[in-house]
Amino acid sequence: MCTSIPAARQPRLSLMAVGELRDVLTALELGQGPTAVAGLMAIDAESWQAIEQRLAALGGDLRAVLKAVSVGAPVLPHLA
C-alpha cells in the first residue's frame, strides 16, 4: 500500500522552471555565472519547492548540485 502525499498537496514543477533549470546548468558548465543567476531568479516559488523535494528524495540539495556542475564534478555521485 502506498502512503505518499496526495498529488494535490505536492508542489508542481512547471515546464518553464524545468527549462530555466536546464539553462542554469548549461550556463554554469560554460562559466556564465550571471546568466545562471538570472535563470535561477526566473524560477517560481512552487517550482522551487518541487525541485527541493525531488533533490532531497535523491539525497542531494540544490547548492551541492550547482557547485558540482560548475566544477564539472558528478552531480549526485552516490547514484552513479
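Residues numbered from 1 in each chain as written. Predicted model: local features only at pLDDT ≥ 70, side-chain atom pairs only at ≥ 80, totals over all residues. Heavy atoms only, no water.

1. Here's the deal with the confidence of the model for the chain
Here is step 1: When the pLDDT values of the chain are averaged, the result is 85; 82% of them are 70 or greater.
Here is step 2: Mean pLDDT values over the elements of the chain span from 83, in helix H4 (residues 62-71), up to 94, in helix H2 (residues 33-41). (pLDDT = per-residue confidence, 0-100. Helix = DSSP H or I, 4+ residues; strand = E, 2+ residues; numbered from the N terminus.)

2. So, the environment of Arg-54
Here is step 1: Within the secondary structure, Arg-54 is located in helix H3 (residues 45-57).
Here is step 2: Taking the relative accessible area as the measure of exposure, Arg-54 reaches 42% and is therefore partly exposed.
Here is step 3: Considering only alpha carbons, one finds Arg-54 and Leu-13, 41 residues apart in sequence, at a separation of 9.8 Å.
Here is step 4: Discounting chain neighbours no more than four positions away, the residues touching Arg-54 are Pro-11 and Leu-13. (Buried < 20%, exposed > 50% of the residue type's maximum accessible area, 1.4 Å probe, protein only. Contact = heavy atoms within 4.5 Å.)

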